[in-house]
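A closer look at the structure
One letter stands for each residue in the lines below.
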Amino acid sequence: MTEAANIERQKRRQAEFVNDEQQRLLEIEDMRLVVKFGEKKHYSDQECQAIYQELVEAGLDEEARRNPDAIEAVFKKLNAVDEVIKARSLIMG
């Protein structure tokens with residue numbers, strides 16, 4: 001995640017009023033952060049950057065990384081993979 005994107009994310013989180021699209025994006029980000037790093041009250045900048053790096057690695061271009069539908073689709077796939085890995089580790093011990 002670029003520094004500008006990181007600053008924008010922080011502004012969205014600190015904003016008293018957010019529009020529906022901003023709120024949806026925050027919920028999508030939180031969905032991925034919880035699966036990847038566990039339930040927390042706050043996530044570090046590095047953790048937030050890590051989930052956006054996953055979007056880059058998944059091949060989303062700059063425009064797609066601003067599209068909540070595209071972000072949600074990638075995060076859902078990544079979450080499904082992580083859940084399977086966690087389940088296997090619990091079964092295998």
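To keep things clear, this report deals only with the structure shown in the data block. These numbers come from a predicted model, not from an experiment. (Residues numbered from 1 in each chain as written. Predicted model: local features only at pLDDT ≥ 70, side-chain atom pairs only at ≥ 80, totals over all residues. Heavy atoms only, no water.)

Moving on, we come to the overall build of the chain. Of regular secondary structure, the chain possesses 4 helices and 0 strands. Helices and strands appear in the chain in the N-to-C order α-α-α-α. Burial statistics for the chain: of 93 residues in total, 26% are counted as buried. Within the chain, counting contacts between residues at least 6 apart in sequence, those at least 24 apart form 44% of the total. (Helix = DSSP H or I, 4+ residues; strand = E, 2+ residues; numbered from the N terminus. Buried < 20%, exposed > 50% of the residue type's maximum accessible area, 1.4 Å probe, protein only. Contact = heavy atoms within 4.5 Å.)

With 18 residues, helix α2 (residues 20–37) should reach 26 Å at 1.5 Å per residue; the first-to-last C-alpha distance of 25 Å fits that figure. Taken as a whole, α2 has its buried residues at L25, L26, I28, E29, R32, L33 and V35. Two or three places before E21, at the start of α2, stands the capping residue N19, its side-chain oxygen 3.1 Å from that residue's backbone nitrogen. Downstream of α2 by a residue or two, G38 has a phi angle that is positive, lying close to 85°. (Expected span 1.5 Å × (residues − 1). Polar contact = N/O pair within 3.5 Å; in protein donor to acceptor, adjacent residues only side chain to side chain.)

The subject of this paragraph is the nonpolar core. In this structure, L25, I28, L33, Y43, C48, I51, Y52, L55, L60, I71, V74 and F75 together form the largest nonpolar core, which totals 12 residues. Residues contacting I51, with those up to four places away along its chain left out, are E29, R32, L33, K36, F37 and F75. (Core = buried A, V, L, I, M, F, W, Y, C linked by side-chain atoms within 4.5 Å.)

Each packed pair of helices is defined by two parameters, the angle between the axes and the distance between the axes. Running from N to C, α2 and helix α4 (residues 68–92) cross one another at 15°; their axes reach a closest spacing of 9 Å. Compared by their axis directions, α2 and α4 come out roughly parallel. In the crossing of α2 with α4, the sense of the turn from one axis to the other is left-handed. Two secondary-structure elements touch here, α2 through E21, R24, L25, I28, E29, M31, R32, V35 and K36 and α4 through P68, D69, I71, E72, F75, K76, L78, N79, D82, E83 and K86. Of the residues belonging to the contact of α2 with α4, the class tally is 8 nonpolar, 1 polar and 11 charged. (Axes fitted to C-alpha atoms, helices over the stretch in contact; angles between N-to-C directions. Parallel < 35°, antiparallel > 145°, perpendicular 65-115°, else oblique. Left-handed = near helix turned anticlockwise from the far one by under 90°. Nonpolar A, V, L, I, M, F, W, Y, C, P; charged D, E, K, R; others polar.)

When you line up the elements, E54 lands in helix α3 (residues 45–57). Residue E54 is classed as buried on the basis of its relative accessible area of 11%. A polar side-chain atom of E54 sits 2.8 Å from a polar atom in the side chain of R32. At 3.0 Å, the side chain of E54 and the side chain of K36 are in polar contact. Among all residues touching E54, those that are not within four sequence positions of it are R32, K36, F75 and L78.

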